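One letter stands for each residue in the lines below.
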Amino acid sequence: MVQVVDNRSRLSGRVVSCAPADGLDGHLSIAIANARVSAVNGFPNLLQGTGGVLHVLARDSMAAGLEPGAAVDLLVRSAGQGRVFLVRDP
């Protein structure tokens, strides 16, 4: 059995590419370069220590404005198996 840990991280950087996500209908894979990860109060930061280029999965409906060249500051969560998903800010 795998334990699920609710987690959040703040990810900032620059979008370098955006393409349909392989095997995940209705989602885009967004590559964020120069990624900087920081903690979010009240949540474990499972992405601590990562950087470089991170690929974030986002529902098509949440990806407006996430175009190559855009500077971003995103709320994300790690879903295990190397997957990172965009979380809509409350």
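Scroll up to find the structure.
For clarity, every value in this text was computed on a predicted model and none was experimentally measured.

## Digging into the overall build of the protein
Counting its regular elements, the protein contains zero helices and five strands. In the protein, the succession of helices and strands from N to C terminus is β-β-β-β-β. The C-alpha radius of gyration of the protein comes to 12 Å, within 12% of the 12 Å expected for a compact globule of 90 residues. Reported as C-alpha extents along the three principal axes, the dimensions of the protein are approximately 35 × 25 × 25 Å. For the protein, with 90 residues in total, the buried portion stands at 40%. The long-range fraction of contacts in the protein, counting pairs at least 24 apart against all pairs at least 6 apart in sequence, stands at 62%. For the protein, the exposed area adds up to about 5600 Å²; of that, 50% sits on carbon and sulfur atoms. In the protein, 8 side chains carry a positive charge and 7 a negative one; their mean positions are 6 Å apart.

## Points about the side chain of S12
Summarising the element assignment, S12 is placed in strand β1 (residues 9-20). With near-sequence residues (within four places) excluded, S12 lies in contact with I32, N34, A35, R36, V72 and D73.

## Quick notes on the sheet that holds strand β2 (residues 27-39)
Around the barrel, five strands lie side by side as β1-β2-β3-β5-β4; this closed barrel has mixed pairing. Ignoring which end each strand starts from, the neighbouring axes of this sheet average 55° apart. Across four bridges, strand β4 (residues 71-80) lies against strand β5 (residues 83-86) in antiparallel orientation. Of the residues in β5, the one forming a bridge with G80 is R83.

## Regarding the packing of aromatic side chains
Under the defined criterion, the tally for this structure stands at zero aromatic pairs. The ring of F43 has R8 lying over it, and the distance from NZ or CZ to the ring centre is 5.2 Å.

## Some thoughts on the pairing of β1
One ladder, built from 10 bridges, connects β1 with β2; its direction is antiparallel. Bridge assignment links S17 to a residue of β2, and that residue is A31. Where β1 folds back onto β2 in an antiparallel hairpin, the turn is made up of six residues, including G23, whose phi is positive at roughly 75°. Here six bridges tie β1 to β4, and the two strands are oriented antiparallel to one another. Note on β4: the bridge partner recorded for R10 is L75.

## Digging into the nonpolar core
Grouped together as the largest cluster of nonpolar side chains are 18 residues, with contacts concentrated most on I30 and I32. At the level of elements, β1, β2, β3 (52-59), β4 and β5 are the ones that each hand at least two residues to this core. What I32 contacts, discounting residues up to four positions off in sequence, is L11, S12, G13, R14, V15, G52, V53, L54, V56, V72 and L74.

Calculation rules
- Residues numbered from 1 in each chain as written.
- Predicted model: local features only at pLDDT ≥ 70, side-chain atom pairs only at ≥ 80, totals over all residues.
- Heavy atoms only, no water.
- Helix = DSSP H or I, 4+ residues; strand = E, 2+ residues; numbered from the N terminus.
- Rg over C-alpha atoms; globule rule 2.2 N^0.38 Å.
- Buried < 20%, exposed > 50% of the residue type's maximum accessible area, 1.4 Å probe, protein only.
- Contact = heavy atoms within 4.5 Å.
- Areas by Shrake-Rupley, 256 points an atom, 1.4 Å probe, with all protein chains shown as cover.
- Lys, Arg positive; Asp, Glu negative; His and termini not counted.
- Charge placed at Lys NZ, Arg CZ, Asp CG, Glu CD.
- Pairing = 2+ DSSP bridges.
- Axes fitted to C-alpha atoms, helices over the stretch in contact; angles between N-to-C directions.
- Phe/Tyr/Trp six-rings, centres within 6.5 Å; stacked < 30°, edge-to-face > 60°.
- Lys NZ or Arg CZ within 6 Å of the ring centre and 35° of its normal.
- Core = buried A, V, L, I, M, F, W, Y, C linked by side-chain atoms within 4.5 Å.

Just distances and angles here, no functional claims.
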